Amino acid sequence: MSNSQDPVWRFLLPSFVFVGVFSLYPILESFRLSFYRMILTLPWLGQKFVGWENYRDLITDPVALGSLSTSVIFVAVTTPFEVLLGLAMALVLNESFRGRGWLRAIVLIPWAVPTVVSSQMWRFIFNDRYGLFNYLLFGDATQLYWAPLAEPGLALMSIMAADIWKTSAFAALIILAGLQGIPGELYEAASIDGASAWRKFRHITLPLVKPALLLALLFRTIDALKVFDLVFVMTQGGPADTTNLLQFYGYKKSFAEGMIGYGSAIAVVVFLLSLFLSVLYIRLLGTGLLGRERQT
Amino acid sequence: MSLKAGCRWRKARLRTILILFIVLFIAPLAEAQTQLRFVTWRSEAEQVWEQIIADFEARHPGVKVVQEVGPHSSTEFHDLVTQKLRNRDPQMDVFFMDVIWPAEFAAANWALPLDAFFSAAERNLFLAAPIQADTYDGRIYGVPMFVDAGMLYYRKDLLEKHNFPPPRTWPELVRQARTILAQERDPYLTGYSAQFKQYEGLVCNMMEFVLSNGGSLWNEQRLQSTLDDPKAKEAVRFVRDQIIRLIANRGILAYQEPESLALFTQGKAIFHRNWPYAWEASNDPKQSKVAGKVGIVPLPAFPGQRSAATLGGWQLGISRFSRNPQLAWQFVQFMTSSETQKRIALETGRGPARKALYHDPEILKKSPQFQSQYETFTLAAPRPRTPVYLPLSNILQRYFSSAIAIADSDIDQLARAASRDMDRVLDLLRDRRER
């Protein structure tokens, strides 16, 4: 039994208040609003309780379903790439060589640059007239130049490339932390037993870095589901609506069109999807982290 | 330390804190009372703009105009301004409004009705189309600053070389472009440069094609979409099969105004659709390789139909949450005065909103194109004037982009779907009308 005299509660209170005000309240408010019909530009309609109507509209709205599948494709393609690239980078950065400190700092630059700035940079790179992308592919033969952001088949890939470039470093950072926790004796012992580099990687590194990998995967999945700024700067959802990711669609509904109820319903769906994936990953992660693995 | 010294030291500290307090908190408050916050976008002629604002400050001693510069894209600027309005931000007094927003801002109770300040006689001095756009439910919510309408720019030298008059119909434009492209054999030359990215500009461009084929986007009386009508679809199909496929490069599907203009000023496009400001930009030898070789005419139409130009332009509005509407009005009045509009017209080539300036000898000497543009401005077609314009625009953008970006798009089906979506949004207005 704890009473108010218990100092533990007093220490915990600030964080409870913080989470309550800045996380819990907005989430609950979004839930509440998603059951109302509220359109800012039509104030005479008032704020009317409509039950599940917004959600019913959502599952029959072909645009919303389209952007949901675009978002799923985006997450499914970018996260494995980011984690694999992150692993490769982390393995390199974990070796000892001259200038490692510098390299570790440099690798983090893409992640440290504000997304709006890097999106603008990628927009220039993919420009159909003076873009670096075209220059690398075709050199001076400018009549062959592509317009990746104008092609329905390429625009999403361009955005994915920008996202992978930017966030692989973040995955590398988490994985590097995991690698540094692996005791060196294990490798020494393996060397004495004559294990090859591949076997060391397969049987020591990989199992022990698994929790970090899953953690990176978790963060990247949730983040990728919520991508907004890349689309906002690079394509505004076009061409032919092929880059209209779910979060961007929700933003447009809420903020540009003033459809607060419907926009909130989209936000709730994104939230529930992230929550579901988080729980899924944390269950996987939990077994790894707590060492409740089958062999022990 | 003795007791006395400690006391003196404490007093000194108290005084310092007091002074700091005054400097940090009281002084800015006193200043804030005469501060006027103007949310704007970056102008092409910044020095002129700064000079005009400095003149206003000189005439109103003690007033400081603080400019908050937002993004240039209309859509992004809308998000910035509406966010401030939604939060009832008293910091913003005066703001720019795109010609499509007044109905929305009025219905949402965001913009201040200006009837008390802006008399009917005064309104008559402005072009009718933007005044109509600024009016909602019988009240006026903005004062027109610039007026815009789509125009066709062309390479005079190239057309003359190939013995073509400026095109009057769209098929003629395509024919001319194809002939010139085939004979010039310049791999970098493209026939048509305009704004076809999925954004607001796409609606403007496509509306011109649809209207100049005798079609329309909606029926205002019946509150119904007319996208599914054969004439509207025919125009969309023409853009996909002839403009995009035959004479433009694919990159056009990602172009907004700056990219499309750059292509033209670099001498890489034969025809170019843009707003009036492009005249000044493409004839400025410092930034254009085709200065002096540019012609301007009203946009073509389909055979047997009339040319159509989308009405654009910017208004000054006052926030309902401004603490100083009187001063804000003085600023708006100054910025839209004949004198200021003339200065801006002379420097930037943007179309002024006051009718009389189109007969001003000084302006016509500097920008003779205004003479012919005047008619286009008076006939320019507004986009749907309704508080739900933004949702409609997003549906239109999605539809047009899907229809033209994919070579074998099913235009019939896309138009049906877009029409249905538009009708659902328009139904929201029906409720009010029936009340």
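It should be emphasised that the depicted structure is a prediction, and the values quoted were computed from it without experimental measurement.

Calculation criteria
- Residues numbered from 1 in each chain as written.
- Chains lettered and ligands numbered in written order.
- Predicted model: local features only at pLDDT ≥ 70, side-chain atom pairs only at ≥ 80, totals over all residues.
- Helix = DSSP H or I, 4+ residues; strand = E, 2+ residues; numbered from the N terminus.
- Buried ≥ 20, exposed ≤ 12 C-beta atoms within 10 Å, placed from the backbone.
- Contact = placed C-beta atoms within 7 Å.
- Axes fitted to C-alpha atoms, helices over the stretch in contact; angles between N-to-C directions.
- Parallel < 35°, antiparallel > 145°, perpendicular 65-115°, else oblique.
- Left-handed = near helix turned anticlockwise from the far one by under 90°.
- pLDDT = per-residue confidence, 0-100.
- Nonpolar A, V, L, I, M, F, W, Y, C, P; charged D, E, K, R; others polar.
- Domains from an automatic or database assignment.
- Core = buried A, V, L, I, M, F, W, Y, C linked by C-beta atoms within 7 Å.
- Pairing = 2+ DSSP bridges.
- Expected span 1.5 Å × (residues − 1).
- Bend = angle between axes of the 7 residues up to and from the residue.

Regarding the overall build of chain A
Then comes step 1: A tally of regular secondary structure across chain A gives 13 helices and 2 strands.
Then comes step 2: In terms of overall dimensions, chain A has a C-alpha envelope of 80 × 75 × 35 Å along the principal axes.
Then comes step 3: Of all 296 residues assigned to chain A, the portion counted as buried reaches 37%.
Then comes step 4: Expressed as a percentage of contacts within chain A between residues at least 6 apart in sequence, the contacts between residues at least 24 apart total 69%.

Regarding the overall build of chain B
Then comes step 1: Helix and strand counts for chain B stand at 18 helices and 14 strands.
Then comes step 2: On the principal axes, the C-alpha backbone points of chain B span a range of 100 × 55 × 50 Å.
Then comes step 3: Looking at chain B as a whole, 48% of its 435 residues qualify as buried.
Then comes step 4: A separation threshold of at least 6 residues defines the contact pool for chain B, and within that pool the share at least 24 residues apart is 73%.

Some details on the packing of helix H8 (residues 170–184) of chain B against helix H10 (residues 230–247) of chain B
Residues and elements named next belong to chain B.
Then comes step 1: Closest axis-to-axis distance for the H8/H10 pair is 10 Å, and the angle between their directions is 15°. With respect to H10, the element H8 is oriented roughly parallel. H10 is crossed by H8, and the crossing has left-handed handedness. Touching Trp170, Val174, Ala177, Arg178 and Leu181 of H8 are Phe238, Gln242, Ile243, Leu246 and Ile247, all from H10.

A look at the confidence of the model for chain A
Then comes step 1: With 95% of its residues at a pLDDT of at least 70, chain A reaches an overall mean of 88.
Then comes step 2: Scored below 50 in pLDDT, residues 292–296 of chain A shows 3 contacts in the model against residues more than four places distant or in partner chains.

A few points about the interface of chain B and chain A
Then comes step 1: Taken together, the contact between chain B and chain A spans 30 residues of the former and 28 residues of the latter.
Then comes step 2: Every element with two or more residues in the side of chain B that touches chain A is listed here: helix H3 (74–86), helix H4 (102–107), helix H17 (389–405) and helix H18 (411–434) of chain B.
Then comes step 3: For the side of chain B that touches chain A, the per-class residue count stands at 14 nonpolar, 8 polar and 8 charged.

Remarks on the domain arrangement of chain B
All names here are of chain B.
Then comes step 1: Structurally, chain B comprises domain 1 (34–141 + 311–379) and domain 2 (149–310 + 384–434).
Then comes step 2: On a C-alpha basis, the centres of domain 1 and domain 2 stand 27 Å from each other.
Then comes step 3: In this complex, domain 1 contributes 20 residues to the contact, which on the side of domain 2 involves 20 residues.
Then comes step 4: At the level of elements, H3, H4, strand S13 (311–318) and helix H16 (369–379) are the ones that each hand at least two residues to the side of domain 1 that touches domain 2.
Then comes step 5: It is H16 that contributes the most residues to the side of domain 1 that touches domain 2, 4 residues altogether.
Then comes step 6: Of the residues that constitute the side of domain 1 that touches domain 2, the class distribution is 7 nonpolar, 10 polar and 3 charged.

Observations regarding the nonpolar core
Residues and elements named next belong to chain B.
Then comes step 1: By size, the foremost hydrophobic cluster in this structure holds 167 residues, and its most contacted members are Val94, Met206, Val236, Val332, Tyr399 and Phe400.
Then comes step 2: For this core, the element with the most residues is H17, which contributes 10 residues.
Then comes step 3: When residues are assigned to domains, this core turns out to be shared by domain 1 (34–141 + 311–379) and domain 2 (149–310 + 384–434), each giving three or more.

Focus: the pairing of strand S7 (residues 151–155) of chain B
Remember that side chains alternate between the two faces of the sheet whenever the strand is regular.
Residues and elements named next belong to chain B.
Then comes step 1: Within S7, 5 of the 5 residues are buried, which leaves the element mostly enclosed by the surrounding structure.
Then comes step 2: Side chains Met151, Tyr153 and Arg155 of S7 all project onto a buried face; the interleaved residues Leu152 and Tyr154 project onto the opposite face, where all are buried too.
Then comes step 3: Here 4 bridges tie S7 to strand S11 (residues 269–274), and the two strands are oriented antiparallel to one another. In the strand pairing of S11, methionine 151 is matched with asparagine 274.
Then comes step 4: Pairing analysis gives 4 bridges linking S7 to strand S12 (residues 294–297), with the strands arranged antiparallel.

Re the sheet that holds strand S6 (residues 143–149) of chain B
Residues and elements named next belong to chain B.
Then comes step 1: Taken together, the 6 strands give an open sheet; going across it, the order is S2-S1-S3-S13-S6-S14, and neighbouring strands pair in mixed fashion. Edge positions in the sheet fall to strand S2 (64–70) and strand S14 (351–352), since each has one partner strand and no second.
Then comes step 2: Pairing analysis gives 2 bridges linking S6 to S14, with the strands arranged antiparallel. Pairing of valine 147 across the sheet is with glycine 351, part of S14.
Then comes step 3: Contacting strand S1 (35–41), S2, strand S3 (94–98), S6 and S13, helix H13 (residues 325–335) runs over the sheet at an angle of about 145° to S13.

Side note on the environment of B:Asn124
Then comes step 1: Tracing the chain through its elements places B:Asn124 in the loop between helix H5 (120–123) and helix H6 (128–133).
Then comes step 2: Overall, the presence of 10 C-beta atoms within 10 Å leaves B:Asn124 in the exposed class.

Observations regarding helix H8 (residues 155–180) of chain A
Then comes step 1: With 26 residues, H8(A) extends 38 Å between its outermost C-alpha atoms, agreeing within 8% with the 38 Å of an ideal straight helix rising 1.5 Å per residue.
Then comes step 2: A:Thr167 marks where H8(A) bends most, by close to 35°.

Remarks on the sheet that holds S7(B)
Residue and element names in this part refer to chain B.
Then comes step 1: Taken together, 4 strands build an open sheet; the order of strands is S8-S11-S7-S12 and the sheet is mixed. Each end of this open sheet is capped by a strand with a single partner; those strands are strand S8 (190–193) and S12. Strand-to-strand, the axes of this sheet are offset by a mean angle of 15°, without reference to chain direction.
Then comes step 2: Here helix H11 (residues 257–265) sits on the sheet and contacts S7, S8 and S11; the angle it forms with S11, its principal contact strand, is near 150°.

Description of unusual backbone geometry
Then comes step 1: Non-glycine residue A:Gln236 carries a positive phi angle of around 55°.
Then comes step 2: Among the structural elements, A:Gln236 can be located in the loop between helix H11 (229–234) and helix H12 (246–256).
Then comes step 3: Despite not being glycine, B:Asp137 has its phi angle at roughly 55°, a positive value.
Then comes step 4: By secondary structure assignment, the location of B:Asp137 is in the loop between strand S4 (135–136) and strand S5 (139–140).

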